[in-house]
Amino acid sequence: MSHHQSAGSERRSGALTIVKRVDPPRFWRSLEARSRSPELIEASKGEFPQGADQLADEPSRRSFMQLVGASTALVGAAACQRPNQKIYPYVRRPPEVTPGNPLHFATAYSLEGYARGLVVESHGGRPTKIEGNSDHPDSLGATTALDQALILGLYDDNRARQITHRREPGLGPEPAAWRSILVMIAERSEKLAQKNGAGLRFLVDPSASPLQADLRARLSERFPQAKFVAFSAVAAEGAALGNKLAFGRPLETRHDLAQAQVILALDADFLGDGPEQVKLSRQFGASRTPGPAMSRLYVAEPCFTPTGMLADHRLRLRGSEILALAQALVVELAKQPGLDGLAPLAGLPRAAASVDARWVAALAKDLARTRGKCAIIAGRRQPAAVHALAAAMNSALRNVGATVNYATPLAIDGGVEALRGLVEDIAAGTVDTLVITAKNPVFGAPADFKFDKLLARVPLSIYCGMAEDETSAAVTTFVPVAHSLESWGDGRALDGTVSIIQPLIHPLWSQVTDTDVTAAFLGEGDKGSHDLLTTFWKKRAIGSGWATDVSFDGLWESWLAKGVVDRTAAQPESGLATNPGALAGALAPLVAKAVKGDSIEIGFAVCPKVFDGRYANNAWLQELPHPVTKITWDNAVLMSKATAARLNVETGDVVRIEAGDRHVTGPAYIQPGHADEAVTVALGYGRTVAGKLAKGVGFNAAALRDSASPWFARGVNLARTSRTIRFGITQDHWDMEGRDPVIVATLAEFHKEGSHVNEKLEQQRRPLETIHEPVDYSQQPYKWAMAIDLSKCSGCNACVVACVSENNIPIVGRENVRIGREMQWLRLDRYYEGPVEDPEVVVQPVMCMHCEAAPCEYVCPVNATVHSDEGLNEMVYNRCVGTRYCNNNCPYKVRRFNFLDYHKEPSHVDKMATNPDVTVRSRGIMEKCTYCVQRIERKRIDARVEGRKIADGEIVTACQQVCPTGAIDFGSLNDPGARVTALHADPRRYNLLHEIGTRPRTAYLARIRNPNPELA
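To keep things clear, this report deals only with the structure shown in the data block. (Residues numbered from 1 in each chain as written. Predicted model: local features only at pLDDT ≥ 70, side-chain atom pairs only at ≥ 80, totals over all residues. Heavy atoms only, no water.)

This brings us to the pattern of salt bridges. Following the criterion strictly, the structure yields 57 salt bridges and no others. Note that Arg288 and Asp312 form a salt bridge whose closest N and O atoms lie 2.9 Å from each other. Taken together, the residues span a long stretch of sequence, with Arg288 in the loop between α10 (277-286) and β10 (296-301) and Asp312 in the loop between α11 (306-309) and β11 (313-316) at a distance of 24 residues. Classification of Asp312 by relative accessible area gives buried; the value is 4%. Here Arg662 and Asp706 are joined by a salt bridge, their closest N and O atoms 3.4 Å apart. (Salt bridge = Lys/Arg side-chain N within 4 Å of Asp/Glu carboxyl O. Helix = DSSP H or I, 4+ residues; strand = E, 2+ residues; numbered from the N terminus. Buried < 20%, exposed > 50% of the residue type's maximum accessible area, 1.4 Å probe, protein only.)

Turning to the nonpolar core, a few remarks are in order. Counting 131 residues, the largest nonpolar core has Ile602, Val637, Met639, Ile657 and Leu718 as its most contacted members. Considering each element in turn, this core owes the most residues, seven residues, to helix α27 (residues 798-806). Beyond its immediate sequence surroundings of up to four residues, Val637 is in contact with Val655, Ile657, Gly666, Pro667, Ala668, Tyr669, Val679, Thr680, Val681, Phe699 and Leu718. In this structure, Ala328, Val330, Leu333 and Ala334 belong to the second largest nonpolar core, which totals 45 residues. (Core = buried A, V, L, I, M, F, W, Y, C linked by side-chain atoms within 4.5 Å. Contact = heavy atoms within 4.5 Å.)

With 13 residues, helix α12 (residues 322-334) should cover 18 Å at 1.5 Å per step; its first-to-last C-alpha distance of 18 Å lies within 8% of that length. Across the 13 residues of α12, 13 count as buried, placing the element largely inside the fold. (Expected span 1.5 Å × (residues − 1).)

Within a sheet, neighbouring strands are paired by backbone hydrogen bonds and run either parallel or antiparallel to one another. A sheet is described by the order of its strands in space; here four strands give the open sequence β36-β29-β38-β37, paired in mixed fashion. Edge strands, defined here as strands with exactly one partner in the open sheet, are β36 (968-972) and β37 (989-990). One ladder, built from four bridges, connects strand β29 (residues 784-789) with strand β38 (residues 1002-1005); its direction is parallel. When the sheet's bridge partners are listed, Ile788 is paired in β38 with Tyr1004. (Pairing = 2+ DSSP bridges.)

Moving on to unusual backbone geometry. Of note, the phi angle at Asn648 is positive, near 60 degrees, even though the residue is not glycine. Relative to the helices and strands, Asn648 resides in the loop between α24 (641-647) and β22 (653-659). A residue is classified by how much of its surface remains accessible, and Asn648, at 53% relative accessible area, is exposed.

Without other data, these values stay purely geometric and don't point to any function.
Printed below as a string of structure tokens:
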């Protein structure tokens, strides 16, 4: 058994520790001085008994014997107690179940209407870890940070457990049973059917689920006048409308960057947002290997995003000025040979904004040079005019059918405009029954809709949600629903591929799903989602000729096993072309209505951590550093240095933002590279009705959102208040402080012999003199190592959450982060290069380097940090006494000390989220990255049983497995054919802090940019 597996954290409930009275140790004085804030005191409650900070005098012999006697009596009494629960062993163990071995199940998770394929690891019937499904077209084996955090959301103690119903207006909610809700719905359905469903509305989450589509069709037959309204607070409404303008009908945009040589992102964070995020990240990462085929990325955006941080050229513009850039690009493209068909669009009235003409001219030539192998991507926040122009340019550049495709929408999508019709109907008094399965629309709807007040006018409003929130507080009936990992259902990828969503665990609290509530209006609410799903798919499979009544069960099992339903992908539209002349006429009025004015512009952003607020009670995501700002447990008012100077604002100053008659206050943060005279605020924070973690965290930026301008608005006023706050930031330094931990070069510099960067890389490869005798690992079967390609890493944070999930890393809270006690084993350092107004950004993942000459090892007084025969730097937790000498001597600062008992006494549900292969560490020890040694040992056991060596690629670390861009590789350097061996021999390879001679096993590949020579 490995050190990592054997290291213990067992609680010694009956042990006594006698502390002699001395002057308060320096540690306690420091703790007292730094930890008097109310938040930290609250965080440590339950760990130390009252008065524990007052060290008692040395006990007398009499008192000592009394203590020993009392503790012995307690231990004896506990030992005599009988267990409270009955334990039933297997009568006959299922052949697939081996105690200690996990099982893996394919399922999917839908966000924004589209499903991403997942594979979930299950220990003893409880899901513990999520990975991507390599057979799924939008997953390709990787996941996002939000996907990883689904595990913690499943075991959230704050999930709602009780159905409630208000019998009369003005009365409080009362507990109700599901059976009584079914009876109520049946009675209401009969009355609605008599009037053809007049007054019945369904406010649903965007969904491409075939089962949900079938239920909607059946409901429309029974209730012809009923209406379905899809709503998402962050829907990309401009995309569908823009494509309708360009092609005459609403179409969905699909991208394929596998062959794209030049990519333009118009305020599009395609590496960090959207249903295509994982697929496009994988394709883009594959194109970033330095060479003739290396892609080039242009990004225009107001505030840095993961996509902007990887850009070869970035243009900072206010969000509403992206339209001016698109128009200027059309003008330049129309000048290129063979692209004069865009001339009608070049004559459109120009938006009132100036853009860098040299930047646009160089971009236009680059796009024209790579026609058919380039792509223009417009972001979700941009209006229809930008999406229409992007479609026209892609069409003219012959990208349609190559890097860009358009297809009939599979999901009922809807945003602000879709909700507006429902708001008007409620205000007119024509809605008497409203069923809400959309995610918390009271919180997400624009402030001017005052949706919470409107709901009071609806006689019967039924809301389905996993937790009590702002919407559950405003409806008459609240039905808690099961988590996705507890539910049966189906979903479709963006290309139409269907996945069956199967539960990994019996519902912990609620057995009801959205499907059950919807089906109740058809009289099938008690059927169960499993029966509804199998009945639908059996009928469809037999009708399509895929199976017979007899063979369907086998087909169904194959779908569940693979996680993908074959032959369900929807083909894109063919023969599409835009008519620039007609499009120019349609766009003219839209351009005239573009955002105008010289005042400060506010831009609303989708939060990469809590999305639209639905993940706000997830501690893993709240403590996750923002990819750019590194802020945890907060959102901020982001602004440029010039704007902050004009407003006399510093980072941490609380500012008041006024928009019309609405206002909010939030802390400012000076963001390098932000557009001037603009601020960016993230949605999803400032929850007022939420779980214990989410309530009161950050400020509600949506309170400023107006339905007329849901993404960008001018005319806001900012003023500094007298208050300040201190952010919980995991990285305060902005530059590399002269040490070059990240080696960066252009493609031309890298290929130039004798260049500065190649001299630097050559110095990295020279051996250093050392007093440590190098160990020969060549005789060992394995020599574990890692390689990280900095040209691919986008800083998306998926690896950080995967590491937290895999290794049972505790959450410490905002106050502990503020004083530098974050516990994440993997961090993503972010550095700026160049002027603060317009810098470039590099990102570097840093974890334990597993140095061959590890500075931590020779200072440990108890030999707790040791080296294995295969070169792993291991921690023996039971030996560690918490001197922290190893942390002081580690130049990479990757070791984490458990200052407090962050796990405390976890509930039974909290324990279910832990990985049983990794110990749960107690207070007072040092911990750090182990290269996922538990995964190494599990594969070692398998290989020994089968009498073979571990194959290359067989062991995949948690961070490697989740990485969407494929930036991380792991393997044995003793395998000459291993990919990690080739990467360690790559000309770009270097060691972090090579000059100190630690000989780390983690190697980095230098970040290479591919700028346009005309803009260099």
